[in-house]
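So you can see what is in the structure, the chains are spelled out below.
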Protein chains: 2
Amino acid sequence: MRNTGKTDQHFFCCSAEIDAAVQELLKFKVDYKTVTGQDYKAGCPPTNIIPNSNGPAVEDGDDQVDPWNVSTTSAKGVDYDKLIVRFGSSKIDQELIDRIGRITGQTPHRFLRRGVFFSHRDMQQVLDAYESKKSFFLYTGRGPSSEAMHVGHLIPFIFTKWLQDVFDVPLVIQLTDDEKYLWKDLTQEECYRFAVENAKDIIACGFDVNKTFIFSDLDYMGMSPSFYRNVVKIQKHVTFNQVKGIFGFTDSDCIGKISFPAIQAAPSFSSSFPQIFNDRKDLQCLIPCAIDQDPYFRMTRDVAPRISYPKPALMHSTFFPALQGAQTKMSASDPNSSIFLTDTPKQIKNKINKHAFSGGKDTIEEHRKYGGNPDVDVSFMYLTFFLEDDCQLQKIRQDYTSGALLTGELKKCLIETLQPMIATHQERRKQVTDELVKQFMTPRKLEFNF
Amino acid sequence: MRNTGKTDQHFFCCSAEIDAAVQELLKFKVDYKTVTGQDYKAGCPPTNIIPNSNGPAVEDGDDQVDPWNVSTTSAKGVDYDKLIVRFGSSKIDQELIDRIGRITGQTPHRFLRRGVFFSHRDMQQVLDAYESKKSFFLYTGRGPSSEAMHVGHLIPFIFTKWLQDVFDVPLVIQLTDDEKYLWKDLTQEECYRFAVENAKDIIACGFDVNKTFIFSDLDYMGMSPSFYRNVVKIQKHVTFNQVKGIFGFTDSDCIGKISFPAIQAAPSFSSSFPQIFNDRKDLQCLIPCAIDQDPYFRMTRDVAPRISYPKPALMHSTFFPALQGAQTKMSASDPNSSIFLTDTPKQIKNKINKHAFSGGKDTIEEHRKYGGNPDVDVSFMYLTFFLEDDCQLQKIRQDYTSGALLTGELKKCLIETLQPMIATHQERRKQVTDELVKQFMTPRKLEFNF
């Protein structure tokens, strides 16, 4: 019997069911405590544990955020301050940003300065260790559900590249082609091909082949006994009740989905890559990812101490809005929902002019008089992601708000930012040979001595 | 809500639960049909689908038979004819035994002549194909839960060796060290060590290194992308509802147990071993195993056509009785429950004399007068497994039944059969070098061209 949020008295309806229901509730309470670290109180279940039909592991008001669904009814997008409270993570505040700047001697990345990476877990601990000359490693990933990647998909990779540059640490990138096979109506061959194609776009972000290992699950699981050993270790320490609570799986889900979370968890542990870390099990991992991936790593952090591994630290990003507005995450299957990495300059121009949701007024006269709203304007949002110059961005905000800058002018500014960026990406991607992809995807020692 | 065998009316007790219960029942019916191929009828659920707390997937009268529990209250042991009906398999009858003899030109093995291997699935199909020069391959295995193996553990290997000899086909032997890690309070290192130690006893049965591949799951999964790809393929096509029905898993079981059945299923498909079968996907598999492993392969046979692979054929053996009597399967953890492969001649003698349950009468006078009962006598049962000579066995049965043969004399006969057999095994095992084990356990082409 699923917990339906009803009070206990409902259970006592027909004697035969009482025992089963009470047993189920007791189990639920134990799992609840395991997942949340708190005792369960009847009547006020926190939203991030209620089992739900493959649906929202987290739901509050109208925001829904989990690995498969992100939606909100607010034009400004998801309320991220609320998410921090709900997920129990910490805000990336000015003090932390300043500390990263001090330690690395570099201007913090614009994604930090502008709150794109807004939440973290144990980042202070990573920095403490780093200051005492203890290294760490980076882990991020992508689910290769199609060949097409859009600019939003680059966010974690652009940021991870910067982290790697300023901290000079190893990086592993997981391509979950097995996950996409399990969740989508795709063959393994298709998912694997998407993984290799996506790897080319990732490599085009500028990663150093001597410091970076990219792997497809379908390949690496069958190439590394250490990786599989960690997967099984994690699978022994997570129950169906727990994944039901965290991910909303149901009894009708296939056993592949049910056990998959362990596969996304395993790269968080350095012993999954003995060739890189010389069999060391104690290196901490830092995972930059979009906030919707946090449920996987809440689970991972719960398991870690029980299998004597360090908990991974995390840095969470906001979602990249669809051209149509911040209410939804972009979809790789809708070509008009975003700018794709394969778009021509003309397509970029047309898409932005035609589809980018505007915060401007209906007529030039009104706009000049009342000004536009940059907080709901998708072109302005995109500029916060991709325009490097803080002063210029600030001026655009002011002029758009005052009405001095028209929507067409704002869009032109975005078009002129994205066109060369995408063109450069395409140029770089062309340089990525099959040989180079193979090098990145071969299990090997990197340029670090452990 | 678990199906408790109650009638539908019980569901309609308090309105809030009705929806969930009805939904659950509908799902159950769909899964029921998937597993059994029949429509579910309320009130008369067949016993082999009723979900149960990690318990009997099959229960009838007092016999309980599943991969983790085998018990009966009958001194003669489990009622195997009933099992055939319940499992929906076919009896290995005289006609089939004769056909095997005809095709191979060999006297059928004593395990066939005496009903030790008593049940099968699709064996006629394997023989039809073999007669048209289409090859097949053999797959059997063992769960390495300890270093100690007893004579009962040899049954499938002795028979598989014979099948390999008379049919001249490739053989793969799976050591499920990952399963033992998931189910037992053991470390991965222990389970892996047991796998390698058990491999030595298996090799000592006389397998040909040029025709046999032995693998530990913990190793092979990390050495073969093809194996993992098949595991994921199977995991996509089996739901939690199904494994709950077949194996009795509950929501409190770890996700490793829940997804494990796919790992025992995968070696049934030739594409899991591209190095042996040259990437061929169409070779049929024949699995000799104890009947308690059948649930894994019922699931496998259900999945096979849905992933375009041939269904594996099976030959099922009865259980080897404990020295104390046929009511239970032997336990590797109780040294007095069986004859171990490491026992000295003296230990063999003492164990049989002291612990082997006797079907004889209390006094010599009574025994001479009324005779003994070979059907419940463990020493006689053991002789049916290990004494090759049919005439001698028949004579022992007659003499014991008539009272001409006393219990002590029967036991002496068994002792004299087992002592040289175990000594020979120990001698052979000593010859098994680490180098040879490594050869058997290295993924490689065998002496067959596909």
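First things first, this report covers the structure right here in the doc. (Residues numbered from 1 in each chain as written. Chains lettered and ligands numbered in written order. Predicted model: local features only at pLDDT ≥ 70, side-chain atom pairs only at ≥ 80, totals over all residues. Heavy atoms only, no water.)

**With respect to the packing of helix α18 (residues 378-386) of chain A against helix α20 (residues 407-431) of chain A**
All names here are of chain A.
Thought 1: Taken N-terminus to C-terminus, the directions of α18 and α20 make an angle of 40°; their axes are 9 Å apart at the nearest point. Considered as vectors, α18 and α20 are oriented oblique to each other. Handedness of the α18/α20 crossing: left-handed. Within the contact between the two elements, α18 uses Ser379, Phe380, Tyr382, Leu383 and Phe386 and α20 uses Leu410, Lys411, Cys413, Leu414, Thr417, Leu418 and Met421.
Thought 2: Residue composition of the contact of α18 with α20, by class: nine nonpolar, two polar and one charged. (Axes fitted to C-alpha atoms, helices over the stretch in contact; angles between N-to-C directions. Helix = DSSP H or I, 4+ residues; strand = E, 2+ residues; numbered from the N terminus. Parallel < 35°, antiparallel > 145°, perpendicular 65-115°, else oblique. Left-handed = near helix turned anticlockwise from the far one by under 90°. Contact = heavy atoms within 4.5 Å. Nonpolar A, V, L, I, M, F, W, Y, C, P; charged D, E, K, R; others polar.)

**Some remarks on the packing of aromatic side chains**
Thought 1: Applying the stated criterion across every chain, the model contains 68 aromatic pairs over all chains.
Thought 2: Feature note: the residues A:Phe137, A:Phe213, A:Phe215, A:Tyr220, A:Phe227, A:Phe273, A:Phe277, A:Phe448 and A:Phe450 constitute an aromatic cluster, connected by ring pairs.
Thought 3: Here the guanidinium or amino end of B:Arg229 rests over the ring plane of A:Tyr192, the centre of that ring lying 5.1 Å away.
Thought 4: The ring of B:Phe87 has B:Arg298 lying over it, and the distance from NZ or CZ to the ring centre is 4.6 Å. (Phe/Tyr/Trp six-rings, centres within 6.5 Å; stacked < 30°, edge-to-face > 60°. Lys NZ or Arg CZ within 6 Å of the ring centre and 35° of its normal.)

**Thoughts on the sheet that holds strand β7 (residues 171-175) of chain B**
Residues and elements named next belong to chain B.
Thought 1: If you walk across this open sheet you meet the seven strands as β4-β5-β10-β9-β6-β7-β8, and the pairing is mixed. The outermost strands of the open sheet, each flanked by one partner alone, are β4 (90-91) and β8 (212-216).
Thought 2: The sheet contact formed by strand β9 (residues 284-290) and strand β10 (residues 313-317) spans five bridges and is parallel. Within β10, the residue paired with Ala290 across the bridge is Ser317.
Thought 3: Sheet strands in contact with helix α2 (residues 80-87) are β4 and β5 (117-121), and its direction is about 10° off that of β5.
Thought 4: Packing against the sheet, helix α8 (residues 188-203) makes contact with β6 (136-142), β7 and β8, and its axis sits at approximately 160° to β8. (Pairing = 2+ DSSP bridges.)

**Structural notes on the side chain of A:Thr104**
Residue and element names in this part refer to chain A.
Thought 1: The topology assignment puts Thr104 in helix α3 (residues 94-104).
Thought 2: A distance of 2.8 Å separates a polar atom in the side chain of Thr104 from the backbone oxygen of Ile100.
Thought 3: Reaching out from Thr104, the side chain makes a polar contact with the backbone nitrogen of Gln106 at a distance of 3.2 Å.
Thought 4: In this structure Thr104 touches Val166 and Phe167, once residues within four positions along its chain are discounted. (Polar contact = N/O pair within 3.5 Å; in protein donor to acceptor, adjacent residues only side chain to side chain.)

**Focus on the environment of A:Asn353**
Residues and elements named next belong to chain A.
Thought 1: By the element assignment, Asn353 lies in helix α16 (residues 345-355).
Thought 2: Taking the C-alpha atoms as reference points, Asn353 and Phe111, separated by 242 residues in sequence, lie 25 Å from one another.
Thought 3: If near-sequence neighbours (up to four positions away) are discounted, Asn353 is found in contact with Lys411 and Ile415.

**Quick word on the nonpolar core**
Thought 1: Membership of the largest hydrophobic core comes to 102 residues, with the highest contact counts inside it found for A:Ile234, A:Val243, B:Ile234 and B:Val243.
Thought 2: Other than its neighbours up to four places away in sequence, B:Ile234 contacts B:Ala262, B:Ala265, B:Ala266, B:Phe269, B:Met299, B:Val303 and B:Ile307. (Core = buried A, V, L, I, M, F, W, Y, C linked by side-chain atoms within 4.5 Å. Buried < 20%, exposed > 50% of the residue type's maximum accessible area, 1.4 Å probe, protein only.)

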